[in-house]
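One letter stands for each residue in the lines below.
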There are 4 protein chains.
Amino acid sequence: MSATAFNSIFFNRAHSSNKDLIKQQNVKSRIKCSIKSGIETSQKNVRVGVLGASGYTGSEILRLLANHPHFGVALMTADRKAGQTISSVFPHLGTQNLPDLIAIKDADFSDVDAVFCCLPHGTTQEIIKGLPKHLKIVDLSADFRLRDVSEYEEWYGQPHRAPDLQKEAIYGLTEVLREEIKNARLVANPGCYPTSIQLPLVPLIKTNLIQTSNIIVDAKSGVSGAGRSAKENLLFTEVTEGMNSYGVTRHRHAPEIEQGLADAAGSKVTISFTPHLIPMSRGMQSTIYVEMAPGVKTEDLYHQLKLSYQDEEFVVLLENGVIPRTHSVKGSNYCLINVFPDRIPGRAIIISVIDNVVKGASGQALQNLNLIMGFPENLGLSYLPLFP
Amino acid sequence: MSATAFNSIFFNRAHSSNKDLIKQQNVKSRIKCSIKSGIETSQKNVRVGVLGASGYTGSEILRLLANHPHFGVALMTADRKAGQTISSVFPHLGTQNLPDLIAIKDADFSDVDAVFCCLPHGTTQEIIKGLPKHLKIVDLSADFRLRDVSEYEEWYGQPHRAPDLQKEAIYGLTEVLREEIKNARLVANPGCYPTSIQLPLVPLIKTNLIQTSNIIVDAKSGVSGAGRSAKENLLFTEVTEGMNSYGVTRHRHAPEIEQGLADAAGSKVTISFTPHLIPMSRGMQSTIYVEMAPGVKTEDLYHQLKLSYQDEEFVVLLENGVIPRTHSVKGSNYCLINVFPDRIPGRAIIISVIDNVVKGASGQALQNLNLIMGFPENLGLSYLPLFP
Amino acid sequence: MSATAFNSIFFNRAHSSNKDLIKQQNVKSRIKCSIKSGIETSQKNVRVGVLGASGYTGSEILRLLANHPHFGVALMTADRKAGQTISSVFPHLGTQNLPDLIAIKDADFSDVDAVFCCLPHGTTQEIIKGLPKHLKIVDLSADFRLRDVSEYEEWYGQPHRAPDLQKEAIYGLTEVLREEIKNARLVANPGCYPTSIQLPLVPLIKTNLIQTSNIIVDAKSGVSGAGRSAKENLLFTEVTEGMNSYGVTRHRHAPEIEQGLADAAGSKVTISFTPHLIPMSRGMQSTIYVEMAPGVKTEDLYHQLKLSYQDEEFVVLLENGVIPRTHSVKGSNYCLINVFPDRIPGRAIIISVIDNVVKGASGQALQNLNLIMGFPENLGLSYLPLFP
Amino acid sequence: MSATAFNSIFFNRAHSSNKDLIKQQNVKSRIKCSIKSGIETSQKNVRVGVLGASGYTGSEILRLLANHPHFGVALMTADRKAGQTISSVFPHLGTQNLPDLIAIKDADFSDVDAVFCCLPHGTTQEIIKGLPKHLKIVDLSADFRLRDVSEYEEWYGQPHRAPDLQKEAIYGLTEVLREEIKNARLVANPGCYPTSIQLPLVPLIKTNLIQTSNIIVDAKSGVSGAGRSAKENLLFTEVTEGMNSYGVTRHRHAPEIEQGLADAAGSKVTISFTPHLIPMSRGMQSTIYVEMAPGVKTEDLYHQLKLSYQDEEFVVLLENGVIPRTHSVKGSNYCLINVFPDRIPGRAIIISVIDNVVKGASGQALQNLNLIMGFPENLGLSYLPLFP
């Protein structure tokens with residue numbers, strides 16, 4: 001749907017009741033206020049809901065939307081903080097004139113065009129099942145990422161509650177599945193680790209440049225990936241000035257990664273995947289150790305990645321020899337990649353970095369909603385990294 | 001000068017030589033490229049130079065300009081890194097297509113409309129003296145902040161080298177001196193501490209609500225304020241997990257602050273000013289302890305600040321009782337302020353926070369250049385804080 | 001009581017039952033094991049209990065005791081973690097052979113000589129009231145710090161539950177009240193802020209060198225001061241890379257500080273006290289702004305502090321002009337102090353730094369128990385700061 | 001040599017001149033003072049020099065020696081800081097009464113029994129060559145770690161300048177080469193990465209439980225490993241809140257690790273080794289991905305490590321399933337290890353953590369000098385980790 005087409009729909013909701021009109025005006029006035037400090041734009045004509053706006057992926061959506069020329073925030077939910085202002089929950093958003101938080105049961109979606117679903121894993125299937133069908137949905141939880149619902153049950157410990165929706169869901173790895181996403185109604189936004197790992201590996205597996213056995217991924221993440229819930233092990237005092245592996249062999253992102261790699265390979269793939277918690281808020285690096293196919297050299301990997309991503313804005317292969325740093329993507333939607341020879345002949349080392357909250361979550365989600373809505377993919381994502 | 005007027009000048013540089021034309025085209029094409037990931041805009045019609053682009057204030061200017069609809073980067077200088085690409089100096093800017101760094105002596109300013117001068121204190125007077133007169137200049141160094149050149153000599157240990165320019169320079173505390181700045185050719189951009197301290201105090205002094213004796217400022221700054229030069233005391237290992245006062249009674253921002261407060265008071269002011277180095281990259285808080293004038297209450301202070309800043313976008317008085325946090329301004333141009341009663345009767349505590357690199361440096365500088373060029377003050381500054 | 005006398009008591013507990021003997025042997029063997037990696041010592045003949053061993057002050061007591069030649073850990077309580085090993089609660093102590101955590105109701109104090117009480121404020125009065133009278137007690141909570149029980153009620157929101165014990169309690173500011181502490185049975189260990197503030201101010205007030213009006217304390221603390229309970233505002237992501245004031249004018253340490261200063265002054269004292277949360281685990285700095293008495297100079301303050309602390313091991317006045325840093329005390333029991341002239345004539349700036357967990361809590365507590373037990377004050381406290 | 005024997009030597013240096021006696025007395029009195037806050041001990045009868053005391057490994061030696069019952073600091077060198085007090089170079093040691101820093105050319109070693117050599121790589125061979133032969137030496141640089149001097153030349157870019165000494169040098173991986181170290185005069189103290197990697201791998205390779213091909217080490221280090229020299233890339237602002245790989249395939253510790261593993265295997269070993277810089281001061285984790293020998297299970301690896309290290313104080317195999325954390329060793333000499341199954345059948349994941357400054361440098365150095373001098377290996381090393 002083009003932006004122009006969309007506008008006309010927006011301005012011709014003929015069947016609105018008076019009460020609806022008043023509400024609609026409230027929403028519009030709020031949206032108008034909400035861009036007080038945003039970029040100059042004639043209007044925000046797509047109305048977006050943020051479900052679960054009291055977590056970090058929700059607040060990041062709000063940050064990005066402030067500079068989006070078309071997407072305005074129509075409603076925000078947070079069940080446990082219903083009734084609160086956004087400034088009481090996220091003081092850094094307090095300068096914006098955003099609607100107050102409401103309970104999801106009180107949300108009126110009749111005026112809403114699309115939602116970002118930023119709710120916890122396990123609770124999302126039921127909620128999305130209950131949403132009106134006119135809504136476009138980008139779901140940032142893991143609830144619709146695994147096509148095989150039995151695998152969902154195995155890793156998440158409960159039966160899948162919306163298997164029909166699962167069939168409809170499109171996996172939102174933008175650069176890999178762009179065309180499918182454009183036509184989706186429900187996008188399952190990828191996990192942060194899976195994004196950072198699949199982006200470099202999928203093209204190399206598809207072109208048979210690397211072996212799919214013995215792929216070893218040593219991944220490192222900032223703490224924001226664990227969300228905002230108050231847990232002892234995430235306290236500043238417990239995290240700062242130290243690091244540790246976690247979820248060794250049992251991290252829930254493993255089946256999601258393997259699903260994507262298997263799609264690329266056309267056969268089952270089992271990887272070694274060990275995440276590490278690093279004392280930083282944002283940032284994710286995957287250091288990936290691979291065996292190359294016989295006769296293949298690291299230069300071949302480099303050239304393939306160059307080829308695959310040369311027209312992409314957000315996936316960038318660095319110059320030969322330059323090591324990606326998470327500092328270089330903080331707050332931005334970029335994924336930086338490079339390839340290095342290993343000391344062990346026949347092996348290569350691939351490094352990719354993203355901001356786990358942006359390209360690994362809310363940024364890619366916005367990229368996907370832009371696609372669904374027919375807008376340029378990069379709207380609202382033109383943030384350079386914040387450094388230092 | 002209005003934006004429209006400016007455009008016509010830009011497109012009618014009739015006297016360009018062929019060589020100039022080629023260069024101009026290069027510049028334009030570069031500018032075009034440089035906004036690859038910026039907001040969509042028909043053109044960037046004001047050409048800006050960044051002198052001293054290898055430091056943190058320079059790189060922050062570049063970050064902000066990426067989303068400016070009119071200012072394009074025409075040239076960037078860094079004498080010790082001349083010939084290098086920006087990505088080798090600031091990897092986080094490597095996705096942008098910016099011109100390579102050049103030595104300032106090789107800069108051709110004939111096509112440039114304005115410069116941000118991000119050079120070290122003490123070296124800037126000579127350089128600005130040598131710049132063409134058609135350039136608008138925002139100087140981020142301390143070299144033109146003190147009106148009294150003898151005071152400059154006292155605090156900076158060398159005679160002022162451009163006393164005539166000093167007379168012309170306008171102090172760039174935007175919200176306080178907006179009208180003067182609009183007509184300025186050379187703006188002396190305020191220091192970070194002075195910005196965070198004068199913004200809350202100037203209105204209160206002007207209205208005689210607080211005493212000008214015994215103003216005690218306990219200020220805290222992130223490490224980026226010390227710049228990017230390699231010094232042992234700024235190493236990660238020396239800074240993390242600890243803090244300290246520095247420059248006790250001798251910090252060079254003291255006379256700058258006192259100059260501004262004296263202007264507001266109409267008489268000499270001497271303050272107590274103790275800065276502290278905090279283990280964080282960005283952020284600055286000034287905790288200011290004042291004696292109120294007889295009969296004045298903290299509510300009076302609050303109301304005056306409300307009145308003074310109610311129409312300002314970037315200076316925000318928080319709701320009653322809410323404590324400003326530096327987290328809430330990181331990466332943004334906001335200054336958050338609040339006022340609290342003290343346990344000691346007759347005294348009040350004022351807290352203000354800014355991002356020292358944005359409102360305390362490059363953000364305010366851009367705000368000022370917007371004013372000079374006749375654009376809306378907030379162009380390129382619509383960044384919400386990055387949190388977490 | 002001398003160490004020798006104590007030994008004889010220890011080895012002649014004639015009335016132990018068989019069951020007691022077995023338990024005692026268990027305790028002793030555990031103690032023996034617990035010093036596996038401790039300093040070499042013939043035996044640990046004083047048996048100490050740690051009540052509330054699952055918090056940071058409790059674990060710090062355990063760290064310090066590992067190198068104490070006489071104090072062995074006989075029991076450790078933690079009601080919510082009863083039954084767990086110390087390594088499951090504090091992995092960094094897992095190399096030590098310490099007793100498992102038990103519920104306080106299951107603790108048998110008959111073999112115990114002394115306890116450190118590291119329980120939360122508000123719960124401690126009842127518990128200490130119920131302890132056997134032969135126990136020496138150092139209480140690290142705030143429950144016995146305020147002599148005036150009505151003041152306790154005012155600041156802590158509940159009536160004092162052990163007013164008789166309050167009368168007996170000695171305030172444990174070691175260097176100021178050493179002689180009283182030696183004869184105490186119950187010591188109320190000072191708060192961290194009160195320690196860092198009273199140590200420099202008490203001698204200056206006692207000698208009338210500074211005014212007691214308009215004492216302004218801007219204090220900064222690491223996050224460990226807030227303890228180990230899981231709260232959203234203490235998450236790594238919420239704390240790192242930012243800072244804020246908290247408890248402005250309402251921090252519960254204010255009356256404790258004012259009580260100590262009033263004792264020194266012989267009259268009521270009201271101070272301005274604003275604490276700040278700094279993104280570091282340990283460390284505390286108090287920057288104190290004072291008015292000197294007429295005719296007094298900063299040199300006089302310096303000399304008085306020199307005089308007061310010249311024989312103290314743990315309170316150190318730095319050389320003239322040297323700024324104390326919290327880095328210089330991390331993990332140690334030192335308090336470093338210095339005095340600086342202010343820009344405002346007649347005023348001075350005093351800076352003191354401590355490790356809030358050591359001198360501000362567990363270290364001073366051990367210093368106090370050493371005194372009570374008749375041992376050299378510094379036993380178990382010979383840790384140099386950990387840097388970097 | 002026993003401690004008693006050593007004492008008698010110490011007290012019978014019959015040939016001392018008068019001048020020497022005075023100096024000796026000065027040294028002794030200084031040593032006496034230096035333990036002001038150390039553990040109580042009758043005397044410090046071994047006199048130790050610290051060459052290169054202005055770096056982090058030097059200062060850490062000083063921290064550890066403060067609680068050593070026998071080793072006193074007789075002299076400290078730092079050529080560029082000669083004449084300065086230790087407090088001006090390391091304020092955290094300022095409470096100790098240590099000798100001033102001198103230039104190495106001015107050091108009189110006649111009264112010194114042993115030295116820790118904490119000088120930069122490349123400069124150490126010449127200096128050690130020039131030291132008196134009666135000195136016991138633990139060298140913390142890399143200059144004597146590679147037995148093959150041609151390999152040294154290849155990796156360090158300059159010819160080895162003391163090949164004869166190289167033949168004499170014993171590699172100081174304490175738990176592996178204890179008996180050889182006892183009789184050494186010159187110990188080449190292992191690098192931090194090699195320590196953390198060899199300790200878990202050597203026993204497994206020796207017992208043929210793992211393949212020596214395809215050993216992949218993803219290592220993470222705190223910033224202190226880079227030393228105290230002022231470099232832009234080590235600034236707080238450049239390090240905090242981000243991470244990166246470095247020295248990919250080219251880190252100088254690779255040949256050292258491979259040398260040790262080859263010794264264990266009896267054949268050449270080539271490993272994949274990628275270090276990462278983590279935003280923390282101290283701490284090192286090696287995540288090691290190995291292929292097990294046919295039929296071997298992770299339980300076998302666990303049991304072998306249990307067997308190998310059951311009598312060791314400082315190398316600790318954690319309980320089954322417990323993940324080692326660098327937090328758990330900060331400031332201590334421990335190495336914590338554990339073994340985990342991999343998702344890929346036949347592979348295992350081994351995790352080891354150390355404090356790079358202690359077990360990875362100065363702590364192991366002291367362990368080695370204890371051995372050489374005939375003292376219990378753990379003297380001066382009884383520090384529990386500092387947490388939080």
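Residues numbered from 1 in each chain as written. Chains lettered and ligands numbered in written order. Predicted model: local features only at pLDDT ≥ 70, side-chain atom pairs only at ≥ 80, totals over all residues.

**Student:** What should I look at first to understand the UniProt feature "active site" (unreviewed entry) in chain A in this one?
**Tutor:** All names here are of chain A. Summarizing the sequence annotation, UniProt attributes the feature "active site" (unreviewed entry) to Cys 192 in the numbering used throughout. Relative to the elements of secondary structure, Cys 192 occurs in helix H9 (residues 192–206). Not counting residues up to four positions away in its chain, the partners in contact with Cys 192 are Ser 221, Gly 225, Met 284, Asn 356, Gly 360 and Ala 361. (UniProt positions renumbered as here; feature names shortened; annotations may be inferred. Helix = DSSP H or I, 4+ residues; strand = E, 2+ residues; numbered from the N terminus. Contact = placed C-beta atoms within 7 Å.)

**Student:** What is the right way to look at the packing of helix H9 (residues 192–206) of chain B against helix H11 (residues 253–265) of chain B in this model?
**Tutor:** All names here are of chain B. The interhelical angle for the contact between H9 and H11, taken along N-to-C directions, is 20°, at an axis separation of 9 Å. The angle between the axes of H9 and H11 places the two elements in the roughly parallel class. In the packing of H9 onto H11, the handedness of the crossing is right-handed. Where H9 abuts H11, its residues Tyr 193, Pro 194, Ile 197, Gln 198, Leu 201, Val 202, Ile 205 and Lys 206 lie against His 253, Glu 256, Ile 257, Gly 260, Leu 261, Ala 264 and Ala 265. (Axes fitted to C-alpha atoms, helices over the stretch in contact; angles between N-to-C directions. Parallel < 35°, antiparallel > 145°, perpendicular 65-115°, else oblique. Left-handed = near helix turned anticlockwise from the far one by under 90°.)

**Student:** Where do I start with the relation of the copies chain A and chain D in this structure?
**Tutor:** One copy of the chain maps onto the second through a rotation around an axis plus a translation along that axis. For the pair chain A and chain D, the superposition axis carries a translation of 0.0 Å, the fit reaches an RMSD of 0.0 Å, and the rotation angle comes to 180°. This pairing of chains is accounted for by a two-fold axis. Most of the interface of chain A is mirrored in chain D, where 100% of its interface residues again form contacts. (Least-squares fit on C-alpha atoms with pLDDT ≥ 70 in both.)

**Student:** So what exactly am I meant to see when it comes to the UniProt feature "domain: Semialdehyde dehydrogenase NAD-binding" (unreviewed entry) in chain A here?
**Tutor:** The feature "domain: Semialdehyde dehydrogenase NAD-binding" (unreviewed entry), as given by UniProt, occupies residues 47–184 of chain A in the numbering adopted here. As annotated, residues 47–184 of chain A comprises 31% helix and 17% strand, and the C-alpha atoms at either end are separated by 18 Å.

**Student:** I would appreciate a short explanation of the interface of chain B and chain C in the present structure.
**Tutor:** Interfaces are often sized by the accessible area lost when the parts come together. In this complex, chain B contributes 42 residues to the contact, which on the side of chain C involves 42 residues. Where the side of chain B that touches chain C is concerned, the elements lending two or more residues are strand E8 (216–221), helix H10 (236–239), strand E9 (244–245), strand E10 (272–277), strand E11 (284–291), strand E13 (335–341) and strand E14 (347–354) of chain B. Classifying every residue of the side of chain B that touches chain C gives 18 nonpolar, 15 polar and 9 charged. (Nonpolar A, V, L, I, M, F, W, Y, C, P; charged D, E, K, R; others polar.)

**Student:** Teacher, can you tell me more about the packing of helix H8 (residues 174–182) of chain A against helix H13 (residues 358–373) of chain A here?
**Tutor:** Geometrically, a packed helix pair is captured by the angle between its two axes and the distance between the axes. Residue and element names in this part refer to chain A. Direction vectors running N to C along H8 and H13 enclose 35°, while the axes themselves pass 9 Å from each other. Both H8 and H13 take part in a crossing whose hand is right-handed. Facing H8, whose interface residues are Thr 174, Arg 178, Ile 181 and Lys 182, H13 presents Gln 364, Gln 367, Asn 368, Leu 371 and Ile 372.

**Student:** Please explain the relation of the copies chain B and chain C as it appears in this structure.
**Tutor:** The two copies are related by a screw motion: chain B maps onto chain C through a turn of 180° and a shift of 0.0 Å along the axis, at an RMSD of 0.0 Å. The overlap is high: 100% of the interface residues of chain B also sit at the interface in chain C, so the same surface is used on both sides.

**Student:** Whenever I open this one, helix H9 (residues 192–206) of chain D confuses me. Can you help?
**Tutor:** In an α-helix, one turn spans 3.6 residues, which is why side chains three or four residues apart end up on the same side. Residue and element names in this part refer to chain D. With 15 residues, H9 should cover 21 Å at 1.5 Å per step; its first-to-last C-alpha distance of 21 Å lies within 8% of that length. Gln 198 marks where H9 bends most, by close to 40°; the proline Pro 200 follows one to four residues later. Among the 15 residues that make up H9, 14 are buried, leaving the element largely enclosed by the rest of the structure. Positive phi shows up at Asn 208, right after H9, with a value of about 55°. (Expected span 1.5 Å × (residues − 1). Bend = angle between axes of the 7 residues up to and from the residue. Buried ≥ 20, exposed ≤ 12 C-beta atoms within 10 Å, placed from the backbone.)

**Student:** I keep staring at the sheet that holds strand E2 (residues 71–77) of chain B and nothing clicks. Help me out?
**Tutor:** Sheets are built from strands paired through backbone hydrogen bonds, the pairs being either parallel or antiparallel. Residue and element names in this part refer to chain B. Taken in spatial order, the 7 strands line up as E3-E2-E1-E4-E5-E7-E6 in an open sheet, and their pairing is parallel. Of all the strands in the sheet, the pair left with one neighbour each is strand E3 (101–102) and strand E6 (170–171). Relative to strand E7 (residues 186–188), E6 runs parallel, the two being bridged by 2 bridges. Its bridge partner lying in E7, Tyr 171 is registered against Ala 188. Against the sheet, helix H3 (residues 56–65) contacts strand E1 (46–51), E2 and strand E4 (114–117), and its axis sits at roughly 160° relative to E1. Where helix H13 (residues 358–373) meets the sheet, it contacts E1, E4, strand E5 (136–139) and E7, and its direction lies at approximately 160° from that of E5. (Pairing = 2+ DSSP bridges.)

**Student:** Looking at this structure, how should I read the environment of Pro 388 of chain D?
**Tutor:** Structurally, the position occupied by Pro 388 of chain D is in the segment after helix H13 (358–373). Between the C-alpha atoms of Pro 388 of chain D and His 327 of chain D, which are 61 residues apart in sequence, the distance is 7.8 Å. Sequence-distant contacts of Pro 388 of chain D, that is, excluding residues within four places in its chain, are made with Thr 237 and Glu 238 of chain A together with Tyr 56, Ser 224 and Ser 281 of chain C.

**Student:** Which parts of the structure should I look at to understand the domain arrangement of chain A?
**Tutor:** Residues and elements named next belong to chain A. Domain annotation for chain A reports domain 1 (3–190 + 360–373) and domain 2 (193–356). At the junction of the two partners, domain 1 supplies 18 residues and domain 2 supplies 21 residues. Contributing elements (two or more residues each) for the side of domain 1 that touches domain 2: helix H6 (149–156), H8 and H13. The element that contributes the greatest number of residues to the side of domain 1 that touches domain 2 is H13, accounting for 5 residues. Here the side of domain 1 that touches domain 2 is built from residues that sort into 9 nonpolar, 5 polar and 4 charged. (Domains from an automatic or database assignment.)

**Student:** Just checking my understanding: could you explain the pairing of E8 of chain B for this structure?
**Tutor:** Look at any regular strand and the pattern is simple: side chains alternate between the two faces of the sheet. Residues and elements named next belong to chain B. E8 sits mainly inside the fold: 6 of its 6 residues count as buried. Of the two faces of E8, both are covered, the one formed by Ile 216, Asp 218 and Lys 220 as well as the one formed by Val 217, Ala 219 and Ser 221. Examined bridge by bridge, E8 and E10 share 6 bridges and lie parallel to one another. Counted as the bridge partner of Val 217 is Phe 273 from E10.

**Student:** Would you mind showing me how to read the interface of chain A and chain D here?
**Tutor:** Taken together, the contact pairs 42 residues of chain A with 42 residues of chain D. If you list the elements that add at least two residues to the side of chain A that touches chain D, you get strand E8 (216–221), helix H10 (236–239), strand E9 (244–245), strand E10 (272–277), strand E11 (284–291), strand E13 (335–341) and strand E14 (347–354) of chain A. In terms of residue class, the side of chain A that touches chain D is built from 18 nonpolar, 15 polar and 9 charged.

**Student:** Sorry if this is basic, but what is going on with H8 of chain A here?
**Tutor:** Among the residues of H8 of chain A, Thr 174, Glu 175, Val 176, Leu 177 and Ile 181 of chain A are the ones counted as buried. The elements touched by buried residues of H8 of chain A are strand E6 (170–171), strand E7 (186–188), H9, strand E12 (315–317) and H13 of chain A.

**Student:** Explain the pairing of E14 of chain A here, please?
**Tutor:** All names here are of chain A. Counting buried positions along E14 gives 8 out of 8 residues, so the element sits mostly inside the fold. Residues Arg 347, Ile 349, Ile 351 and Val 353 of E14 are buried on one face, and the alternating residues Ala 348, Ile 350, Ser 352 and Ile 354, pointing to the opposite face, are buried as well. Pairing geometry for E11 and E14, over 8 bridges, is antiparallel. Its bridge partner being in E14, Val 290 is matched across the sheet by Ala 348. Bridge count for E13 against E14 is 7 bridges, and the pairing is antiparallel. Bridge assignment links Val 339 to a residue of E14, and that residue is Ile 350. Between E13 and E14, which pair antiparallel one after the other, the connecting turn spans 5 residues, and Gly 346 there sits at a positive phi close to 90°.

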